[in-house]
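Read off the chains here:
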Amino acid sequence: DYPTDTLLPHMKLGLNVKTKNNRFLTSWKNSYDPSSGSFSYKLEIPRHGLPEFLMWRSGGPAFRSGPWDGIRFSGIPEMERWKFVNIVYNFTENKEDIAFTFRVTTPDVYAKLTMRFDGFLELSTWDPEMLEWNVFWVTSTSDCDIYMGCTPYSFCDMNTTPKCNCIKGFEPSNPQGGAMNNTSTECVRKTQLNCKGDGFYWLRNMKLPETSGAIVDKRIGLKECEERCIENCNCTAFANTNIQDGGSGCVLWTRELADIRRYVDAGQDLYVRLAAVDLVTENGNNNSRKTRTIIGLSVGATALIVLSFTIFFFWRKHKQARGIALYTDLVFSILTSFSFLFCLLSCLNKTECGQTGGRLNLLDTTDDDDLKLPLMEYDVVAMATNDFSISNKLGEGGFGTVYKGRLIDGEEIAVKKLSDVSTQGTNEFRTEMILIAKLQHINLVRLLGCFADEDDKILVY
């Protein structure tokens, strides 16, 4: 009932409904003083809304877990890695408990979840051979994990600059600024809601906003949830409460949307209410971009076809003089033209031709098959290192900072991130990577991947 700083398998963290005892973790004062420290991790159960864990620091909130989405807490997606050490977890909401618990699925394996004195949650497993605890997982420490790191009606995204972004249909309150130049810039609606005729903007991969004061009905689905939001003129957004099996349940926000984050491949869908004119503007921008793309591709494809038939015409006159058959040449010319057309039109499914929407790896620009650089996407490395969390930092040297990480398949990696003050350019970095990739020796670690763009240069071992 009083776990202090450590939660063991099968222990419960949260509220005992019958006794009203809310079990929570409290950190030590420091690494050698077990008296109560500045941090605590406690389940908050609002009268209206969804239960969420809050990390408290000296009486103020420092981190919010996000509500349970049926698989994990929406603000801690990296918890899914626990399965790699045979640990499963669950969040229970019934007449007896509203609580989180975990267990180990492999016999003779020991694990513990600890609240460190510096405010980090840490999952450790026991190594019987070394007789010590091995840290497997630590809560992320990125800027987007800070409670209310961005203002209401904006979301934090580690892959954008600046990190705080106004939701579509909102704009910075300072029109002269033109953009969110800092985390304190407020976002305001471009057009006030009219109740009748409003629509919804679809945000993907989101940590849901704080749900205190929200309306919750777990009996209905997304369609009925949308209808209820439309009928309630105070409703500002809606989402499913459970993302399993296509989604179920309904949560409606009637207040401002606060403490939101966007992930690369985690989170869930959030539907934000906008005035009809802002939805038309947004759709118009998308359609305009697509129209320009289609026109450009159509002109290019037509030019290719005309060019192909022109070349074929001159080939035919030349080859008639030689008495060579023309049928196969005609077929070849037509197929070549339409192959080009197909390749161009396939770009419509991309964000840009040759780019899928993530950060472009500038190392992937060579046609030399002898180089064979092992490329890796930035988003993959960021997820493996918890967005280059300070808790994953192994050391720092002349090259830059070294982080530990774990890929989605469980493979452990070391990541070198080039220092911001380095003057090494992309070409020099590519040359260095080619040399490293070609070296093979029993005493050398293997280069798994590399990434470079205008902002970052990264090596993965």
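Definitions and cut-offs
Residues numbered from 1 in each chain as written. Predicted model: local features only at pLDDT ≥ 70, side-chain atom pairs only at ≥ 80, totals over all residues. Heavy atoms only, no water. UniProt positions renumbered as here; feature names shortened; annotations may be inferred. Helix = DSSP H or I, 4+ residues; strand = E, 2+ residues; numbered from the N terminus. Phe/Tyr/Trp six-rings, centres within 6.5 Å; stacked < 30°, edge-to-face > 60°. Buried < 20%, exposed > 50% of the residue type's maximum accessible area, 1.4 Å probe, protein only. Lys NZ or Arg CZ within 6 Å of the ring centre and 35° of its normal. Salt bridge = Lys/Arg side-chain N within 4 Å of Asp/Glu carboxyl O. pLDDT = per-residue confidence, 0-100. Contact = heavy atoms within 4.5 Å. Disulfide = S-S within 2.5 Å. Polar contact = N/O pair within 3.5 Å; in protein donor to acceptor, adjacent residues only side chain to side chain.

Q: Even after reading the chapter, I still don't get the UniProt feature "binding site: ATP" (unreviewed entry) in the protein, so can you show me in this structure?
A: UniProt feature "binding site: ATP" (unreviewed entry): in the numbering of this structure it lies at Lys417. Mapped onto the fold, Lys417 is located in strand β25 (residues 412-418).

Q: Looking at this structure, how should I read the packing of aromatic side chains?
A: Describing an aromatic ring pair means giving the distance of the ring centres and the angle of the ring planes. Going through the model one piece at a time under the given rule, you end up with 17 aromatic pairs. An angle of 75 degrees between the planes, with centres 5.1 Å apart, marks the rings of Trp68 and Phe73 as edge-to-face. On the basis of relative accessibility, which here comes to 15%, the residue Trp68 falls in the buried class. The side chain of Lys42 reaches across the aromatic face of Phe24, ending 5.2 Å from its centre.

Q: Which parts of the structure should I look at to understand the pattern of salt bridges?
A: What the rule picks out here adds up to 19 salt bridges. For Glu93, the salt bridge goes to Lys218, with nearest N and O atoms at 2.9 Å. Separated by 125 residues along the polypeptide, Glu93 in strand β8 (residues 87-93) and Lys218 in the loop between β18 (215-217) and α1 (222-231) bring together distant segments of the chain. For Lys218, a relative accessible area of 45% corresponds to the partly exposed category. Among the ionic pairs, Asp143 bridges to Lys163, the shortest N-O distance being 3.8 Å. Remark: Lys163 occurs in the loop between β13 (154-156) and β14 (164-166) and Asp143 occurs in the loop between β12 (132-138) and β13; sequence separation between them is 20 residues.

Q: Looking at this model, I keep getting lost on unusual backbone geometry. Mind explaining?
A: Residue Pro162 is bonded to the preceding Thr161 through a cis peptide linkage, with omega at 0 degrees. With respect to the helices, strands and loops of the structure, Pro162 is situated in the loop between β13 and β14. A positive phi angle is found at Lys20, which is not glycine, with a value near 65 degrees. Judged by its relative accessible area of 61%, Lys20 falls in the exposed class.

Q: Hey, could you run me through the confidence of the model for the protein in this one?
A: Detail in the predicted coordinates should be disregarded across regions flagged by low pLDDT. Summarising the model, the protein shows a mean pLDDT of 78, and 70% of its residues fall at 70 or more. Low pLDDT, under 50, characterises residues 323-333; the stretch is placed with twelve contacts to residues that sit more than four places away or in other chains. A low-confidence stretch, residues 335-358 stays under pLDDT 50, and its non-local contacts, those more than four residues away or across chains, total 19 contacts.

Q: Would you mind going over the state of the cysteines with me for this structure?
A: What is meant by a disulfide is a covalent connection between two cysteines, made through their sulfur atoms. Enumeration according to the criterion identifies six disulfides in this entry. Residue Cys150 pairs covalently with Cys164 via a disulfide, S to S 1.9 Å. Between Cys150 and Cys164, the S-S dihedral sits near -85 degrees, and the bridge is therefore left-handed. Pair noted here: Cys150 is in the loop between β12 and β13 and Cys164 is in strand β14, with a separation of 14 residues, a long-range link. Cys164 matches Cys150 in its accessibility class, with the two residues each being buried. Linked covalently through their sulfurs, Cys166 and Cys187 form a disulfide whose S-S length is 2.0 Å. Looking along the S-S bond of the Cys166-Cys187 disulfide, the torsion reads about -85 degrees, which is the left-handed sense. With Cys166 in strand β14 and Cys187 in strand β16 (residues 187-189), this residue pair connects regions lying 21 residues apart in the sequence. Cys187 gets classed as buried once you look at its relative accessible area, which sits at 7%.

Q: Where do I start with the side chain of Asp198 in this structure?
A: In this structure, Asp198 sits in the loop between β16 and β17 (199-207). In terms of polar contacts, Asp198 uses its side chain to reach the backbone amide nitrogen of Asn194, at 3.2 Å. A distance of 3.3 Å separates a polar atom in the side chain of Asp198 from a polar atom in the side chain of Arg273. Once residues lying within four places of it in the same chain are set aside, the contact partners of Asp198 are Leu193, Arg273, Leu274, Ala275 and Ala276.

Q: Help me understand the environment of Ser184 in this model?
A: Relative to the helices and strands, Ser184 resides in the loop between β15 (170-172) and β16. Here Ser184 falls in the exposed class, since its relative accessible area comes to 55%. Each C-alpha atom, one on Ser184 and one on Met148, is 9.8 Å from the other, the two residues being 36 residues apart in sequence.

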